Amino acid sequence: MDQDSYLVGLIGSGIGPSLSPALHEREADRQGLRYLYRLIDLDTLGTAPEKVGELLDAAQNTGFTGLNITHPCKQLVIDHLDALSAQAEAVGAVNTVVFEQGRATGHNTDVTGFGASFARSLPEARLERVVLLGAGGAGAAVAHAVLARGAGHLTVVDRLPHRAASLAASLNRHYGAGRASMETQSRLAKLLDRADGLLHATPTGMAAHPGLPFPAELLHPRLWIAELVYRPLETELLRTARASGCTVLDGLGMVVFQAADAFRLFTGREPDSARMLADADELA
């Protein structure tokens, strides 16, 4: 993209505390770009998630370069796009939309963002048995990331069993039979007892949804915990897991690396992820 002026934004619910505007705008400033990042908060607008297509059209018609998409629209937005990247199609969720030549193309930088964060912070983590709690758009992305890293088996657990079953079936089609399965929440204690790690991809722990996603006694020192929530950075799950002797990964790295990948898609320029990590540490 041969330009130096960009208008981008984020569509989602309760996104006031998002770090994305500052992360994108600071990196753009360092690269000498005019770059405006706007929050399009469904709660502030009083708009239902199902109206994401109308917001997408309005942004495209207003001259936006692209949009980031977050909860609860990562899957809803797909029906309103002209094309999907191979990764977004595989995951079945979109967190970045690029407008170019009248077309809206969906991408998923959560997969690469989480993969980079995991490789940086938990490079030696055992991956034979991994449990994923939460089968929404973010959960699907991190599931792909760990299976692509060679996880032996991933068990998907969600409060909606049909959603867990659907994701597990999709993962098996993509990575091979037997790589994923679903279980109900009633089996979580037994699953975690045998697991190497847990991917936590539910909203529990966010400022608006405080608390633990399951009883603290299910944690044990052989378990690593990867948290996707980053506001607050120290969720109750991470605090309790540390106290239980678990190795933990907070959600900040994923936010930074997915933002860097989105910046590259929006601008065609290479971001400095190390500088963006320093920004995030300061902002968080």
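Above this text is the structure in question.
All figures in this text were calculated on a predicted structure; none of them were measured in a lab.

K.L.:
Outline the packing of aromatic side chains, supporting the account with residue identities and numerical values.
P.N.:
Aromatic ring pairs: the centre-centre distance and the angle between the two ring planes describe each pair. Here the structure, examined in full by the defined rule, presents 4 aromatic pairs. Aromatic pair Tyr35 and Phe263: ring centres 5.5 Å apart, planes at 25°, arrangement stacked. Of this pair, Tyr35 sits in strand β2 (residues 34–41) while Phe263 sits in helix α10 (residues 252–267); the two residues are 228 residues apart in sequence, bridging distant segments of the chain. The exposure class of Phe263 is buried, given its relative accessible area of 0%. Both rings, one in Phe118 and one in Trp224, keep their centres 5.1 Å apart while their planes meet at 70°; by these two values the pair is edge-to-face. Highlighted residues: Phe118 in helix α5 (residues 109–121) and Trp224 in strand β11 (residues 224–227), separated in sequence by 106 residues. For Trp224, a relative accessible area of 5% translates into the label buried. Through successive ring pairs, a cluster of aromatic residues spans Tyr6, Tyr35 and Phe263.

K.L.:
Requested: an account of the pattern of salt bridges, with residues and values cited.
P.N.:
For the structure shown, the criterion picks out 15 salt bridges. Two residues, Arg26 and Asp279, come together in a salt bridge whose shortest N-O distance is 3.4 Å. Taken together, the residues span a long stretch of sequence, with Arg26 in helix α1 (residues 20–30) and Asp279 in helix α11 (residues 273–283) at a distance of 253 residues. Overall, the relative accessible area of 6% leaves Asp279 in the buried class. For Asp193, the salt bridge is made with Arg222, and the minimal N-O distance between the two is 3.9 Å. Of this pair, Asp193 sits in helix α8 (residues 188–194) while Arg222 sits in the loop between β10 (197–200) and β11, placing them 29 residues apart in sequence.

K.L.:
Could you give an account of the environment of Val255, with specific residues and numbers?
P.N.:
Tracing the backbone through its elements, the reader meets Val255 in helix α10. Classification of Val255 by relative accessible area gives buried; the value is 8%. Considered as a pair, Val255 and Ser20 are 235 residues apart in the sequence and their alpha carbons are 7.9 Å apart. The contact partners of Val255, leaving out residues within four places of it in the chain, are Leu23 and Tyr230.

K.L.:
Can you lay out the sheet that holds strand β12 (residues 247–249) for me, pointing to particular residues and giving the numbers?
P.N.:
Paired through their backbone hydrogen bonds, the strands of a sheet run either parallel or antiparallel. Ordered in space as β9-β8-β7-β10-β11-β12, the 6 strands form an open sheet in which the pairing is parallel. Each edge of the open sheet carries a strand with a single partner, namely β9 (180–183) and β12. Neighbour to neighbour, the strand axes of the sheet diverge by 20° on average, direction disregarded. As paired elements, strand β7 (residues 129–133) and strand β8 (residues 153–157) share 5 bridges and run parallel to each other.

K.L.:
Give a description of the environment of Arg163 that names residues and reports values.
P.N.:
Examined against the element boundaries, Arg163 turns out to sit in helix α7 (residues 161–175). A relative accessible area of 28% places Arg163 in the partly exposed class. For the pair Arg163 and Thr105, spaced 58 residues apart in sequence, the C-alpha separation works out to 25 Å.

Definitions and cut-offs
Residues numbered from 1 in each chain as written. Predicted model: local features only at pLDDT ≥ 70, side-chain atom pairs only at ≥ 80, totals over all residues. Heavy atoms only, no water. Phe/Tyr/Trp six-rings, centres within 6.5 Å; stacked < 30°, edge-to-face > 60°. Helix = DSSP H or I, 4+ residues; strand = E, 2+ residues; numbered from the N terminus. Buried < 20%, exposed > 50% of the residue type's maximum accessible area, 1.4 Å probe, protein only. Salt bridge = Lys/Arg side-chain N within 4 Å of Asp/Glu carboxyl O. Contact = heavy atoms within 4.5 Å. Pairing = 2+ DSSP bridges. Axes fitted to C-alpha atoms, helices over the stretch in contact; angles between N-to-C directions.

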